[in-house]
Structure formats: structure tokens, C-alpha cells
Amino acid sequence: MTRIKVNVDGTTYEDDVEPRLLLAHYLRDHLGLTGTPIGCDTSNCGACTVDLDGATVKSCSVLAVQADGCEVTTVQGLAEDGQWTPLQRAFHEQHGLQCGYCTPGMIMAARDLLRENPHPTSDEVRHALEGNLCRCTGYQNIVRAVLAAAGQQHASGRQVGEEITA
Ligand code: FES
Ligand code: FES
């Protein structure tokens, strides 16, 4: 077992873990953060996407020990004081989800895109999300949601990670 110390969604955890334990399983099974789903375990679907020290990663392709000393943000850490971010709200308002299984990964990947490119085109959104699969094939509304979030961000002057209270 290896001792790790990880900050996840603003809370610091210390745990003894098997060196082969995947970060996705650590989040879900050790910390109970089941908002990060596992859709394939083979790095194909993107459902398990999280932010690791500012880099967007598929948590099923990272070992928990690799996150030692790092900050992890999951979809559960985005809202503040119960208020969704513009991106989360846009997914809701634009019907960017059906069963919702892919949604955490889509939101985390889209968040990364909007940090890098606050004015994406539709094609750029599609390109950025190509590592994330939606089995309900709701891609059209997902792209619309990301573009809507970008528009809200410009209109409000807020950043993607900030809450909207009005
Ligand atoms: Fe990680 Fe599918 S569960 S990419
Ligand atoms: Fe069902 Fe995407 S909404 S997998």
C-alpha cells in the first residue's frame, strides 16, 4: 500500500491505496464521489474525465498514486453555494443530456475547452469533445449547450468556473 494525499473538490484526503488503483476507482470507491462515472475502463468514452492540477484527464487512465500531492476537480466540485456554473446551467437549459451518463465528462471536457478558447466555433466544440462519447447520441444539444455557455460567459463577463446567481 502507498500513502497518498490528494485534494479533491476542495477537501484534502489521505489514504493508503494499492499502487495499481485507478484514480477513477479511488474517487468513486474510496471517497464516494460517484458523480464521476466509469463508462468503459479502456480510456475510450471520456465519462470519467476530471481536472488534475489544471490538466483534463480521463481518471480511468491515471493511477491514484499519480495524483499524490495534486488537486483534483470533479464535476461535483464545480458548483459553489449550490449554484451551477454557466456551463452546467447551459447543459440543463439546452437539454444537453438524456440519460446523463456522459454528462460529467462532457462538462469537464467543455470546461477545459472554454478555458483555453472562450470563443469556440461549433467545429471547435465538436473537435474538443471528440474524446467523449454519448451513447444517447445527443451531440447536437451538447454542442449547443457549450456554445450557449460561451455566450453567457461573454454577456456576463464571468469566467466559466464562476457561478451565476441571477
Ligand atoms: Fe474512463 Fe471511459 S471510463 S474513458
Ligand atoms: Fe446518455 Fe450521453 S446523455 S450517454
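Residues numbered from 1 in each chain as written. Chains lettered and ligands numbered in written order. Predicted model: local features only at pLDDT ≥ 70, side-chain atom pairs only at ≥ 80, totals over all residues. Heavy atoms only, no water.

Draft legend 1. Seen up close, the overall build of the protein chain. Scanning the protein chain from N- to C-terminus turns up 5 helices and 5 strands. The order of helices and strands in the protein chain, counted from the N terminus, is β-β-α-β-β-β-α-α-α-α. Over its C-alpha atoms the protein chain spans a radius of gyration of 16 Å, differing by no more than 12% from the 15 Å that the globule rule assigns to 166 residues. The C-alpha extent of the protein chain, read off along each of the three principal axes, is 50 × 30 × 25 Å. Relative to its full complement of 166 residues, the protein chain shows a buried share of 43%. Partitioning the intrachain contacts of the protein chain with sequence separation of at least 6 by distance along the chain shows that 59% fall at a separation of at least 24. Working note: accessible area of the protein chain is about 8,200 Å², and carbon and sulfur atoms make up 46% of it. Averaging the positions of the 12 positive and the 21 negative side-chain charges in the protein chain gives two centres separated by 6 Å. (Helix = DSSP H or I, 4+ residues; strand = E, 2+ residues; numbered from the N terminus. Rg over C-alpha atoms; globule rule 2.2 N^0.38 Å. Buried < 20%, exposed > 50% of the residue type's maximum accessible area, 1.4 Å probe, protein only. Contact = heavy atoms within 4.5 Å. Areas by Shrake-Rupley, 256 points an atom, 1.4 Å probe, with all protein chains shown as cover. Lys, Arg positive; Asp, Glu negative; His and termini not counted. Charge placed at Lys NZ, Arg CZ, Asp CG, Glu CD.)

Draft legend 2. The arrangement of helix H3 (residues 103–116) in detail. Taking 1.5 Å of rise per residue, the 14 residues of H3 would be expected to cover 20 Å, and the 20 Å separating its terminal C-alpha atoms lies within 8% of that figure. Burial analysis of H3 places 11 of its 14 residues in the buried class, the great majority of the element. Taken as a whole, H3 has its buried residues at Thr103, Pro104, Gly105, Met106, Ile107, Met108, Ala109, Ala110, Arg111, Leu113 and Leu114. (Expected span 1.5 Å × (residues − 1).)

Draft legend 3. Molecular detail of the packing of aromatic side chains. Scanning the entire structure with this criterion turns up 0 aromatic pairs. Above the face of the Tyr101 ring, Arg135 is positioned so that its terminal group lies 5.2 Å from the ring centre. (Phe/Tyr/Trp six-rings, centres within 6.5 Å; stacked < 30°, edge-to-face > 60°. Lys NZ or Arg CZ within 6 Å of the ring centre and 35° of its normal.)

Draft legend 4. Spatial organisation of helix H1 (residues 23–30). Within H1, the full set of buried residues consists of Leu23, Ala24, Tyr26 and Leu27. On the buried face of H1, the contacting elements are strand E1 (2–8), strand E2 (11–17), strand E3 (49–52) and strand E5 (71–73). Phi turns positive, to about 75°, at Gly32, one or two residues after H1.

Draft legend 5. Seen up close, unusual backbone geometry. For Asp53, which is not glycine, the phi torsion reads 50° and is therefore positive. Within the chain, His95 stands out as a residue other than glycine whose phi angle is a positive 55°. Along the chain, His95 turns up in the loop between helix H2 (86–93) and H3.

Geometric descriptors of this kind do not, in isolation, establish any biological role.
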